[in-house]
Amino acid sequence: MFFVMIGPDILGLFILVIATNLVWTDRLLEDWRRFCLKKQVLLIAIILILEIASAFFQQETGASHLLLNKLVNMLGFALAPFVGFELVFLCGEHKIEKKKIYYLPLWIWILLCFVSMWNGWIFKVTEEIHYQRGVLFFLAPFFLLYGVFLLFYFIKKSIIEYAYEEKKFIVLIFGIITFGGIIQTQFRYSLFIWPCVAVAILVYYFFLRHQKIQFDQLTNVRDRKSFMERMQSLGPQIPVTIFMFDINQLKQVNDNYGHSEGDLYILEAVGLIKICLEKYGTIYRIGGDEFVVLCPEMVEVDLKMALHRLKMENHKLFRHEQGAYPKNILSYGYSQYTGEEEDSL
């Protein structure tokens, strides 16, 4: 019975070994994202090992095994919400670190898990070393999914703008986790949810790699291929405001100061576009000095504000080591795209 119970956890650890090897040797993802993935893999591995330890101690009797069983259950429950919470960092939302209020539910949950070793609110282990759910166990799913709720809150705009292929990844990831949750809820002694999370992390790694090849390496905005796919997915029911940009005098900057300075000049231009338009839509690099921003359902007030800010920001001087770039770093225009006619753009 013991080996049947821990079988999924062993499989989950094996999957994490594969994920670790892939992340360790990956050179496509940024270093900080690889570091976040490694932390996620380690955290899930610890939870799986604690789950295996809990199943092992249930086969034994005695005061020492009772205490150890309570301890591993407490640690397993306490660590679980951090898996979803760490996903927020993995998606690049580091600003969460500055708002300590987001950590409050995690500390409340840790306290509840700790006191449950004695009062059995979340879980209890009987003198016969039998695990039971406590009277407040119904709170567990809410705390476990806390990080997922935060993740959706921070990246809801990105999810809407995901391409069809990316959305399939997201559906698959959450489908796997949901499957594990349903199985473990229906069959109390089946350990499926964390092995499924391990599989989901492996799928998420491939999702990140898929995303990475859709982005321009210099500017970290989406590339021409992503732009064409997005345009094909737009229908007449979603009016889109399209801003088109050309970087002025890029060739002169490259000729006079070198291509390294030219890259910085491009990044200055992209930074200007982001300041003015990123909150309204998605930026694409469709050529060497050409960028497009797609802004679905942009209202007239936002359009006027964006145009005004573009005019103000574009007139500023951008400094560099040899002096200053020319004013009006960008030439731009905009158009309303309805999708009704093939040549309406």
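Use the structure listed above.
The structure contained in this document is the topic of the report that follows. Everything numeric in this text was worked out from a predicted model, so none of it was measured.

The next subject is the overall build of the protein chain. Looking only at helices and strands, the protein chain has 12 helices and 8 strands in total. Counting all 345 residues of the protein chain, 47% fall into the buried class. On the protein chain, roughly 18700 Å² of surface is accessible, and the fraction owed to carbon and sulfur atoms is 64%.

Core analysis: the biggest nonpolar cluster contains 42 residues, and Ile44 and Tyr204 have the highest contact counts within it. Of all the secondary structure elements, the ones that give two or more residues to this core are helix 1 (2–25), helix 2 (31–57), helix 3 (63–90), helix 6 (146–161), helix 7 (164–186) and helix 8 (193–212). In terms of residue count, helix 8 provides more of this core than any other element does, 12 residues in total. Residues in contact with Ile44, not counting those within four places in the same chain, are Leu16, Val83, Trp194, Val197, Ala198 and Ile201. Counting 25 residues, the second largest nonpolar core, distinct from the first, contains Ile247, Leu250, Tyr280 and Leu310.

So, about the pairing of strand 3 (residues 240–247). The buried count for strand 3 comes to 6 of 8 residues, which makes it a mostly enclosed element. Sheet analysis places strand 3 next to strand 5 (residues 290–296), joined by 7 bridges and oriented antiparallel. Pairing of Ile242 across the sheet is with Leu294, part of strand 5. Note that strand 3 and strand 8 (residues 330–337) share 8 bridges and pair antiparallel. Residue pairing in the sheet places Thr241 in a bridge with Gln336 of strand 8.

Before going further, it helps to spend a moment on the side chain of Arg230. As for its placement among the helices and strands, Arg230 is situated in helix 9 (residues 224–233). Those residues within four positions of Arg230 in sequence are excluded, and the remaining contacts are Tyr284, Leu294 and Pro296.

This part is about the sheet that holds strand 4 (residues 282–285). If you walk across this open sheet you meet the 4 strands as 4-5-3-8, and the pairing is antiparallel. Bordering the open sheet on either side are strand 4 and strand 8, each of which pairs with just one other strand. Adjacent strand axes in the sheet meet at a mean angle of 20°, parallel and antiparallel pairs treated alike. Across the sheet, helix 11 (residues 259–277) is in contact with strand 3, strand 4, strand 5 and strand 8; its angle to strand 3 comes to roughly 155°.

Where helix 3 meets helix 4 (residues 104–119), the closest approach of the two axes is 9 Å, and the angle between their N-to-C directions is 170°. Taken together, the axes of helix 3 and helix 4 lie roughly antiparallel to each other. Here helix 3 and helix 4 pass one another in a crossing that is right-handed. Note on element contacts: helix 4 touches helix 3 through Leu106, Trp109, Ile110, Cys113, Phe114 and Met117, opposite Leu67, Lys70, Leu71, Met74, Phe77, Ala78, Pro81, Phe82 and Phe85. Tallied by class, residues from the contact of helix 3 with helix 4 come to 14 nonpolar, no polar and 1 charged.

This paragraph deals with helix 3. Across its 28 residues, helix 3 extends 41 Å between first and last C-alpha, which sits within 8% of the 40 Å expected from 1.5 Å per residue. At Val83, helix 3 shows its maximal kink, close to 25°.

Another point: the packing of helix 2 against helix 8. At a closest axis distance of 10 Å, the pairing of helix 2 and helix 8 adopts a crossing angle of 170°. One finds that helix 2 runs roughly antiparallel with respect to helix 8. In this structure, helix 2 crosses over helix 8, and the sense of that crossing is left-handed. Contacts between helix 2 and helix 8 involve Arg33, Leu37, Gln40, Val41, Ile44, Ile47, Leu48 and Glu51 from the former and Trp194, Pro195, Val197, Ala198, Ile201, Tyr205 and Leu208 from the latter. Broken down by class, the residue content of the contact of helix 2 with helix 8 amounts to 12 nonpolar, 1 polar and 2 charged.

Conventions and cut-offs
Residues numbered from 1 in each chain as written. Predicted model: local features only at pLDDT ≥ 70, side-chain atom pairs only at ≥ 80, totals over all residues. Heavy atoms only, no water. Helix = DSSP H or I, 4+ residues; strand = E, 2+ residues; numbered from the N terminus. Buried < 20%, exposed > 50% of the residue type's maximum accessible area, 1.4 Å probe, protein only. Areas by Shrake-Rupley, 256 points an atom, 1.4 Å probe, with all protein chains shown as cover. Core = buried A, V, L, I, M, F, W, Y, C linked by side-chain atoms within 4.5 Å. Contact = heavy atoms within 4.5 Å. Pairing = 2+ DSSP bridges. Axes fitted to C-alpha atoms, helices over the stretch in contact; angles between N-to-C directions. Parallel < 35°, antiparallel > 145°, perpendicular 65-115°, else oblique. Left-handed = near helix turned anticlockwise from the far one by under 90°. Nonpolar A, V, L, I, M, F, W, Y, C, P; charged D, E, K, R; others polar. Expected span 1.5 Å × (residues − 1). Bend = angle between axes of the 7 residues up to and from the residue.

Nothing here speaks to function; it is geometry throughout.
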